[in-house]
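# Fold and geometry: a report
Here are the chains, one letter per residue:
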Amino acid sequence: MKKLLILSLLALSSCELPPRQSTTSTTLNSITDSATSETEEEYVMVTTAVSMPMYVHHDQAAFLRWGREKGVKTSILGPAEWDVPSQINIIEEVIGTRPTGLLINGTDPAIGPVINKAVAAGIPTVVYDSDIPSSKRHAFLGTDWYEIGQMQGKEMVRLLGGKGKIAYMGILGLTNMEAGFRGLLDVFKAYPGIEVVGKFDDKANVEEAARITSDLLSAHPDLAGLCGFDSNSGPGIGLAVKESGRAGKVKITTVDWEPEHLQLVREGVIHMLAGQKRELFTWYGAQFLYDMVHQTNKLSGNDRRAGIINVPNSINTGLLRITKENVNEFITK
Amino acid sequence: MRLLLQERTYSLTLTILLVGIGATITFPQTFPTFGNWSQLLLNLSIDTIVAVGMMLLLVSGVFDLSVGSVVAFSGGVAAYTMITLGMPMPLAIIAALASACLVGLANGYLIAYQGINPMIQTLATMGIVRGVALLVSGAGIQNLPYWFNAISQSRLLGIQMPVWYMLLIVATFAFLMNRTIFFRRYYYIGGNERAADLSGIRVRNMKLWGYVLTALLAGVAGILLASRLGTALPTAGRGLELRVITAVILGGASLSGGHGKIIGALLGTVFMGLISNVMVLARVSGYWQEIILGLILIAAVWSDKALQKRSSFA
């Protein structure tokens, strides 16, 4: 018993509590001079749902192209499904391998502490797509999801003349998408003629989005508009509206501009796409990392010692508005 | 040799050692480090705690697909009661664990006493509980109190606490399953439910408690995950049920019941964590990770069948 007590006391004395959160700031915590020559450099992109076509065709393609042009090694890691804790686990394991730079998809504020860990380890860390403002990331490039919601809301008001029933869908529970939903609803507040019949979780699944849409069209024959917030919302909504024979009559706005989205715009099924400039935030995100490592632009005698980050803190890459009028410009084949 | 072939825990330990040696030779700078190993163990700790409960169920011939949703739900309830309702942390933890137990109670009652198929019942619960988790935590509840975060973010001997909780839970349940009559009954139920019933074991009652315990462990895992992330995520635990069932089967459980050891649940998750870690170190993309893990599962189950057949002839 006495031994057990002594052992417990010893264990307790070696227990460390986590540090209290310090105030948020973008700091330069001794970025290491790990890169001695370009061929040894490795830039790692960590996302979640790594096989999502939108990520593969835009983000990852741009990142790989950037790596080839720069002559540096690029790696893409992340869980196959939308799994933020797994993304965090992978970032933690990657930090241990000390890559030259980390490009992290800002999927959820929960990844903030691990971003701070990467920064504290001296790894240049850039967040793309959605910002994690609570973290100490060195830079952010991407879009404001609230703006995506507002853009869809304004277009829907215009299409409906400020009057009619609408519904919207996406992946519920994701911080960026919920911000988009807020942006949409805030626009509608000024238009009492717009009636929102519901918010639905299509689980980023085309079949689910189609099922929800067909149910909605049955329950509300006067449904005037639908807004989609994830990559698969548009194709799913479009499919169900086409099948109901109401293509063009039910107004649709959604996000992303994969070939199937563009085709639906050309057919007059989807009325507007709010597209992100994904290639820009991944390409320049990687370039920011490179510029930090190589101190491309010096702002002082010694930027590192002076604690200066020589890349912009935050870049909004903006949105694309794709409608029937300009859709042909985006269809490459 | 025969024991090695017959007993999955030995063959899996040997496989883990071989993979570990291979990884040490291939990545001498990164793999055999304290930092990498403590991170590897931390990453698999949540899955292992849930896997202990799943092993208990699989031993008795049933399973639970709602554990991933319970992980998100319990973290959400704890965060909601602390942040939105302003309740003290201990009460919030009790509320979260009690909510998880209620889910287990509902599953257990409907499966054991009403005869609903475990797959249908727990599949339905998976959806319902995920929905409630979304209602409770919305877009995620951030800024959890410091002392709640300290539950998982503290370290003992340089290793983050969930690893210690995992080891404690594995040791406790391994002891209970080996040494207590109550828990040994799960093997009898899984081996032959009718015979167990005739021999006086209250099968339905035992099954109900099995579901409650599994949900309780998933609830503990949910609290630890929310505490580790400092956020209650409604999307947490998605796909966890399949990962855990895979790990438990790798660890020697049989879908038909009657077989499996708690240590096998740990070894199964360690093996899967090890493979994932090696793939991250080797920069294998996420597409391949799923394919490789699927192939490993098929290979493990197939080799197990083949080895058992061979040893029974020997």
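Details of the structure are given in the entry above.
Being a predicted model, the structure only gives us computed values, none of them experimental.

### What about the overall build of chain A?
Of regular secondary structure, chain A possesses 11 helices and 13 strands. Dimensions of chain A, computed from C-alpha atoms along their principal axes, come out at roughly 70 × 60 × 35 Å. Relative to all contacts within chain A whose residues are 6 or more apart in sequence, the contacts with residues 24 or more apart total 69%. Within the structure as shown, chain A displays about 13900 Å² of accessible surface, and the carbon and sulfur contribution to it stands at 55%. Considering chain A, the positive charge centre built from 33 side chains and the negative charge centre built from 38 side chains are found 3 Å apart.

### Structural notes on the overall build of chain B
Of regular secondary structure, chain B possesses 14 helices and two strands. Against the globule reference of 20 Å for 314 residues, chain B gives a C-alpha radius of gyration of 20 Å, in line with a compact fold. Projecting the C-alpha coordinates of chain B onto the three principal axes gives extents of approximately 65 × 60 × 35 Å. In chain B, buried positions account for 56% of the 314 residues. Within chain B, contacts between residues separated by at least 24 positions form 77% of all contacts whose residues are at least 6 apart in sequence. As presented, chain B carries roughly 13300 Å² of accessible surface, and 69% of it is formed by carbon and sulfur atoms. Seen as two clouds, the 19 positive and the 8 negative side-chain charges of chain B have centres 4 Å apart.

### Topic: the pattern of salt bridges
Residues and elements named next belong to chain A. For the structure on display, the rule yields 18 salt bridges over all chains. Of the charged contacts in the structure, one is a salt bridge between Glu42 and Lys73, with a shortest N-O distance of 3.8 Å. Taken together, the residues Glu42 in strand S2 (residues 42-46) and Lys73 in strand S3 (residues 73-77) connect sequence positions 31 residues apart. On the basis of relative accessible area, Glu42 is assigned to the buried category, the value being 11%.

### Observations concerning the packing of aromatic side chains
Residue and element names in this part refer to chain B. Taken as a whole and judged by the stated rule, the model has 15 aromatic pairs over all chains. Between Tyr109 and Tyr113, the aromatic rings sit 5.7 Å apart at their centres with planes inclined by 20°, giving stacked as the arrangement. Highlighted residues: Tyr109 and Tyr113, both in helix H5 (residues 89-113), separated by four residues, approximately one helical turn. Assessed through its relative accessible area of 32%, Tyr113 is described here as partly exposed. Residues Phe173 and Phe183 carry aromatic rings whose centres are separated by 6.2 Å and whose planes lie at 80° to one another, so their mutual orientation is edge-to-face.

### Some remarks on the pairing of S2 of chain A
All names here are of chain A. Here S2 lies mainly inside the structure; five of its five residues are buried. Alternating positions in S2 separate into two faces, Glu42, Val44 and Val46 on one and Tyr43 and Met45 on the other, with burial throughout. Following the chain from S2 across helix H2 (residues 53-70) to the adjacent parallel S3, one finds a crossover that is right-handed. Bridge count for S2 against strand S4 (residues 101-105) is four bridges, and the pairing is parallel. Bridging from a neighbouring strand, Val46 pairs with Ile104 of S4.

### Examining the environment of Asp144 of chain A
All names here are of chain A. Within the secondary structure, Asp144 is located in the loop between strand S6 (139-142) and helix H5 (145-160). Classification of Asp144 as partly exposed rests on a relative accessible area of 34%. Taking the C-alpha atoms as reference points, Asp144 and Ile322, separated by 178 residues in sequence, lie 18 Å from one another.

### Comments concerning the nonpolar core
Within the largest apolar cluster, 142 residues are counted, with the highest numbers of intra-cluster contacts made by Leu102 of chain A together with Phe148 and Val248 of chain B. For this core, the domains that each give at least three residues are domain 1 (32-143 + 278-296) and domain 2 (145-276 + 322-329) of chain A. Setting aside residues up to four positions removed in sequence, Leu102 of chain A forms contacts with Val44, Val46, Ile91, Val94, Ile95, Ala118, Ile123, Pro124, Thr125, Val126 and Leu289 of chain A.

### Re the side chain of Gln276 of chain A
Residue and element names in this part refer to chain A. Structurally, the position occupied by Gln276 is in strand S11 (residues 272-276). Accessibility expressed as a relative area gives 3% for Gln276, which makes it buried. Looking at Gln276, its side chain comes within polar contact range of the side chain of Asp129, at 2.9 Å. A distance of 2.6 Å separates a polar atom in the side chain of Gln276 from a polar atom in the side chain of Arg278. Excluding residues that lie within four positions of it along the chain, Gln276 makes contacts with Asp129, Thr143, Trp145, Ile148, Asp256, Trp257, Phe281, Gly318, Leu319 and Leu320.

### Some remarks on helix H9 (residues 181-191) of chain B
Residue and element names in this part refer to chain B. All of the buried residues along H9 are Phe183, Tyr186, Tyr187, Ile189 and Gly190. Projection of H9 onto a plane perpendicular to its axis shows the buried side chains occupying an angular sector of 165°, all on one side. Residues of H9 that are exposed and point more than 90 degrees away from the buried face comprise Ile181 and Gly191. For H9, the secondary structure elements touched by its buried residues are helix H3 (34-59), helix H8 (161-179), helix H10 (193-198) and helix H11 (203-229).

### Quick notes on unusual backbone geometry
Most peptide bonds take the trans configuration, and most residues that are not glycine carry a negative phi. Unusually for a residue other than glycine, Lys203 of chain A sits at a positive phi of about 55°. Within the secondary structure, Lys203 of chain A is located in the loop between strand S8 (194-201) and helix H7 (206-219). Phi angles above zero are rare outside glycine, and Leu157 of chain B is one such case at about 55°. Within the secondary structure, Leu157 of chain B is located in the loop between strand S1 (155-156) and strand S2 (159-160). Look at Leu157 of chain B and you get exposed, because its relative accessible area is 54%.

### Quick word on the interface of chain A and chain B
Every contact between the two is made by 46 residues of chain A and, on the other side, 37 residues of chain B. Surface buried jointly by chain A and chain B totals about 3300 Å² across both partners, of which 57% is contributed by carbon and sulfur atoms. Our count for the contact surface shared by chain A and chain B stands at three salt bridges. Of the charged contacts in the structure, one is a salt bridge between Arg228 of chain B and Glu92 of chain A, with a shortest N-O distance of 3.5 Å. Taken together, chain A and chain B are joined by 11 residue pairs in polar contact (both at pLDDT 80 or more). When residues of the side of chain A that touches chain B are traced back to their parent elements, those giving at least two are strand S1 (15-16), S2, H2, S3, helix H3 (84-95), helix H4 (112-120) and helix H6 (175-188) of chain A. Looking at the side of chain A that touches chain B, its residues break down into 24 nonpolar, 11 polar and 11 charged.

### Things to note about empty space enclosed by the protein
Summed over the entire model, instances satisfying the criterion amount to three cavities of 30 Å³ or more. Taken as a whole, the largest cavity holds about 130 Å³ of empty space. Around the largest cavity, the lining is made up of 17 residues, and of these Met54, Tyr55, Trp82, Trp145 and Met177 of chain A lie nearest the centre. Counting only elements with at least two residues in the lining of the largest cavity, the list comes to H2 and H6 of chain A. Looking at the lining of the largest cavity residue by residue, the classes come out as 10 nonpolar, three polar and four charged. Mapped onto the domain boundaries, the lining of the largest cavity takes at least three residues apiece from domain 1 (32-143 + 278-296) and domain 2 (145-276 + 322-329) of chain A. Considering only enclosed or pocket space, the second largest cavity measures out at about 50 Å³ in volume. In terms of lining, the second largest cavity is formed by Val71, Ala72, Gly75, Gly76, Gly222, Leu225, Ala226, Leu229, Thr231, Ala232, Leu233 and Ala236 of chain B. Looking at the lining of the second largest cavity, the elements that each hand over two or more residues are helix H4 (67-84) and H11 of chain B. Looking at side-chain class alone, the lining of the second largest cavity contains eight nonpolar, four polar and no charged residues.

Conventions we followed
- Residues numbered from 1 in each chain as written.
- Chains lettered and ligands numbered in written order.
- Predicted model: local features only at pLDDT ≥ 70, side-chain atom pairs only at ≥ 80, totals over all residues.
- Heavy atoms only, no water.
- Helix = DSSP H or I, 4+ residues; strand = E, 2+ residues; numbered from the N terminus.
- Contact = heavy atoms within 4.5 Å.
- Areas by Shrake-Rupley, 256 points an atom, 1.4 Å probe, with all protein chains shown as cover.
- Lys, Arg positive; Asp, Glu negative; His and termini not counted.
- Charge placed at Lys NZ, Arg CZ, Asp CG, Glu CD.
- Rg over C-alpha atoms; globule rule 2.2 N^0.38 Å.
- Buried < 20%, exposed > 50% of the residue type's maximum accessible area, 1.4 Å probe, protein only.
- Salt bridge = Lys/Arg side-chain N within 4 Å of Asp/Glu carboxyl O.
- Phe/Tyr/Trp six-rings, centres within 6.5 Å; stacked < 30°, edge-to-face > 60°.
- Right-handed = clockwise from strand over helix to strand, strands pointing away.
- Pairing = 2+ DSSP bridges.
- Core = buried A, V, L, I, M, F, W, Y, C linked by side-chain atoms within 4.5 Å.
- Domains from an automatic or database assignment.
- Polar contact = N/O pair within 3.5 Å; in protein donor to acceptor, adjacent residues only side chain to side chain.
- Arc of directions from axis to C-beta.
- Buried area = accessible area lost by both parts, 1.4 Å probe.
- Nonpolar A, V, L, I, M, F, W, Y, C, P; charged D, E, K, R; others polar.
- 1 Å grid on protein atoms, 1.4 Å probe; cavity = no way out; pocket = protein on both sides within 12 Å on 5 of 7 lines; lining within 4 Å.
- Points joined across faces, edges and corners; volume = space filled by probe spheres on them.

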